[in-house]
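Observations on the model geometry
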Amino acid sequence: MSILYYSSSDQGGTSNDRILSGLREKLPHKTISVWPDCPDKTSITTAIVWQPPIDFFDGLSNLKHVLSIAAGVDHLLGHPALPKNVSVTRLTDAGMAEPMAQYVLYGVLHAQRQMTALANAQRNQLWRHDISTVPTQRFHVGILGAGVLSLVTAKRLVDNGYKVSCWSRTPKQLQGIAHFDGADGLEELLPQVNALVCLLPLTPQTTGILNASLFAKLPVGAYLINPGRGGHADETALLDALNSDHLSGALLDVFNEEPLPPSSPIWSHPNIVVTPHVAAPTHEDGAVEQIAQSIDQLERDEIPHGMVNRDAGY
Ligand code: NAP
Ligand code: GLV
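Residues numbered from 1 in each chain as written. Chains lettered and ligands numbered in written order. Predicted model: local features only at pLDDT ≥ 70, side-chain atom pairs only at ≥ 80, totals over all residues. Heavy atoms only, no water.

1. Looking at the site of ligand 1
- Near ligand 1 lie 29 residues; those nearest to it are Ala 146, Thr 170, Lys 172, Asp 253 and Tyr 314.
- A distance of 2.9 Å is found between a nitrogen atom of ligand 1 and a side-chain nitrogen or oxygen belonging to Asp 253.
- In the environment of ligand 1, an oxygen atom lies 3.0 Å from a nitrogen or oxygen atom belonging to the backbone of Ala 280.
- For ligand 1, whose unbound accessible area comes to 940 Å², protein coverage reaches 92%.
- Those elements giving two or more residues to the shell around ligand 1 turn out to be α5 (148-159) and β7 (163-168).
- Its residues assigned to classes, the shell around ligand 1 comprises 15 nonpolar, nine polar and five charged. (Near = heavy atom within 4 Å. Polar contact = N/O pair within 3.5 Å; in protein donor to acceptor, adjacent residues only side chain to side chain. Areas by Shrake-Rupley, 256 points an atom, 1.4 Å probe, with all protein chains shown as cover. Helix = DSSP H or I, 4+ residues; strand = E, 2+ residues; numbered from the N terminus. Nonpolar A, V, L, I, M, F, W, Y, C, P; charged D, E, K, R; others polar.)

2. Thoughts on the pattern of salt bridges
- Throughout the structure, instances matching the rule amount to 10 salt bridges.
- A salt bridge links Arg 300 to Asp 296; its shortest N-O distance comes to 2.7 Å. (Salt bridge = Lys/Arg side-chain N within 4 Å of Asp/Glu carboxyl O.)

3. Some remarks on the domain arrangement of the protein
- For the protein, the domain assignment lists domain 1 (2-94 + 282-299) and domain 2 (97-274).
- A separation of 32 Å is found between the C-alpha centroids of domain 1 and domain 2.
- Facing the five residues of domain 1 at the interface are five residues of domain 2.
- Linking domain 1 with domain 2 are one salt bridge, by the criterion used here.
- In this structure, the connection of domain 1 to domain 2 is made through two residue pairs in polar contact (both at pLDDT 80 or more). (Domains from an automatic or database assignment. Contact = heavy atoms within 4.5 Å.)

What follows is the structure in structure tokens.
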């Protein structure tokens, strides 16, 4: 197996040099070239990538496997030159679930304790005793997604006393967490939640799911937490829902365009907290461990843990 590595840049505190050197240490008998420095492209069978450039796949005529250095594979499946016959593997948790659960817990506490209204009161030197808090056991968090990151996040919230429901494409039985599925399940869940968290993958089915129609189904005062993907949200509809006070606030980690452009009204909106796609950065050691394990499984003709269903898009 000859491997080609490409990572666009360090992101969210993750060092790509450390991932590359970790992989070389973990796989001492493998040749790992770093794109574009690859003398024989036809020898490459496996690619390890984050946001490969448009010409990355050119000449890789014997490529069989692509391993993503991320949980989400929307960037990869959307690559116009990704060969149709290659398998795609992604990171599953690999150290990301803990920071994601922490990020969402922070957002839920922010929403429950009405920190948006209190911060605005501070700016106006207002001593507001009228801002009340919904008790924890009644504060209902709806999570869109019931996958790897959602379930660890849901458990963290349950452990902190919150009422939690997850929503996914397929039916499931979850311990201590209510579950909804499909379009009817979403209709039933939305009017019940105090905070809505989006932890879906970005697929054609989930693109723009956080839109005016969905916001209208949330109760007045609901709070949005989006660490999923920017493409999940119609940002104009979100701003409308916030400006009309239908939504009380939003914690956003991902945006239609990243970095968020200086001209975006999201930057200065008093009811939005912006974080720069850092909810759960790739964990270097976790990524190295899991990618090495996936390579081992692929070599033994086993299906690696994070094998992506290319038809489903995640
Ligand atoms: P995952 O394990 O694949 O879980 C995805 C969940 O979404 C599954 O429960 C799946 O349903 C559900 N789903 C997919 N399509 C759906 C649809 N059309 N309708 C309803 N439910 C649908 O993914 P994960 O590892 O938890 O990661 C989730 C996403 O988090 C990633 O794709 C990425 O975009 C984002 N992420 C962000 C950061 C960050 O730092 N901001 C870091 C890591 C990941 P089923 O269970 O029925 O299949
Ligand atoms: C980060 O956003 C990831 O998908 O891992």
